[in-house]
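Each chain, written out:
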Amino acid sequence: MAAFLAVVVGSLLPSTSAAVRLLERFPGNDKVLHFCAYALLAFLPVLYERLRTAVAVAAVLVLAGALVEFAQALTGSRMFELRDMAANGSGVLFGLLIGLPRRGSRRPPAILARESPNR
C-alpha cells in the first residue's frame, strides 16, 4: 500500500517539486519509470496473495493508472498522456507475467507469516 501511495502522490506532485526534478535526472524515458513502478506494484501481490486477489489488484492498478493521468490534467502543472497510461498498463501486465511463475516458490517475510500457537 505504501508503494502504491508513493506512486500516486509522486504522479500528482507539481512538476517543479524536488521529487519530480530528481526523477527527471534518471537517464531514459519517463515511460520506463511508469512501466517499472506499475510492474513492481503488480508483482508483489502476485507472489503472496491468492491469485484472485492479485488479479483484482492488477485491475485496480490499471484503473488507478488511468485515473492518475486524468488527475494530472487537473493539476495545471502536469500533463495527461495516453502513452503514460499504456506504460502503466503494460507494467501491470509485465508484473503479473513475471510473478506468476514464482508463486509459491517464495515464503512471505517473517513479519507476514503467522506463527503457530504450538511453537
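Preceding this paragraph is the structure being described.
Not measured: the values here are computed from a predicted model.

Caption draft 1: Highlighting the overall build of the protein chain. What the protein chain contains, in helices and strands, is 5 helices and 0 strands. Along the chain direction, N to C, the helices and strands of the protein chain fall in the order α-α-α-α-α. Counting over 119 residues, the protein chain shows a buried share of 29%. Pairs at least 24 residues apart make up 73% of the contacts formed inside the protein chain by residues separated by at least 6 positions. Carbon and sulfur atoms form 66% of the exposed surface of the protein chain, whose accessible area is close to 8,200 Å².

Caption draft 2: Spotlight on the pattern of salt bridges. Per the counting criterion, the structure on display carries 4 salt bridges. Among the ionic pairs, Lys 31 bridges to Asp 84, the shortest N-O distance being 2.9 Å. Of the two residues, Lys 31 is situated in helix H3 (residues 30-48) and Asp 84 in helix H5 (residues 82-99); the sequence distance between them amounts to 53 residues. The two residues Lys 31 and Asp 84 agree in class, both being buried. The partner of Glu 81 in a salt bridge is Arg 83, with the nearest N and O atoms 3.5 Å apart.

Caption draft 3: Up close: the packing of helix H1 (residues 2-12) against H3. Remark: H1 packs on H3, axes separated minimally by 10 Å, with the N-to-C direction vectors making an angle of 155°. Between H1 and H3, the interaxial angle falls into the category roughly antiparallel. By crossing handedness, the relation of H1 to H3 is classed as left-handed. Contacts between H1 and H3 pair Ala 3, Phe 4 and Val 7 from the former with Ala 37, Tyr 38 and Leu 41 from the latter. A breakdown of the residues in the contact of H1 with H3 according to their chemical character gives 6 nonpolar, no polar and no charged.

Caption draft 4: Main features of the environment of Leu 96. Within the secondary structure, Leu 96 is located in helix H5. Excluding its chain neighbours within four sequence positions, the residues that come into contact with Leu 96 are Ala 42, Val 46, Ala 54 and Ala 58.

Caption draft 5: Summary view of the packing of aromatic side chains. Counted under the stated rule, the structure contains 2 aromatic pairs. Between the aromatic rings of Phe 35 and Phe 94, the centroid separation amounts to 5.3 Å while the plane-to-plane angle is 45°, which identifies the pairing as tilted. Of this pair, Phe 35 sits in helix H3 while Phe 94 sits in helix H5, and the two are 59 residues apart along the sequence. Plain terms: the ring middles of Phe 70 and Phe 80 are 4.9 Å apart, the flat faces sit at 40° to each other, and that makes the pair tilted. Residue Phe 70 is found in helix H4 (residues 51-75), and its partner Phe 80 is found in the loop between H4 and H5; the two are separated by 10 residues along the sequence.

What counts and how
- Residues numbered from 1 in each chain as written.
- Predicted model: local features only at pLDDT ≥ 70, side-chain atom pairs only at ≥ 80, totals over all residues.
- Heavy atoms only, no water.
- Helix = DSSP H or I, 4+ residues; strand = E, 2+ residues; numbered from the N terminus.
- Buried < 20%, exposed > 50% of the residue type's maximum accessible area, 1.4 Å probe, protein only.
- Contact = heavy atoms within 4.5 Å.
- Areas by Shrake-Rupley, 256 points an atom, 1.4 Å probe, with all protein chains shown as cover.
- Salt bridge = Lys/Arg side-chain N within 4 Å of Asp/Glu carboxyl O.
- Axes fitted to C-alpha atoms, helices over the stretch in contact; angles between N-to-C directions.
- Parallel < 35°, antiparallel > 145°, perpendicular 65-115°, else oblique.
- Left-handed = near helix turned anticlockwise from the far one by under 90°.
- Nonpolar A, V, L, I, M, F, W, Y, C, P; charged D, E, K, R; others polar.
- Phe/Tyr/Trp six-rings, centres within 6.5 Å; stacked < 30°, edge-to-face > 60°.

Geometric descriptors of this kind do not, in isolation, establish any biological role.
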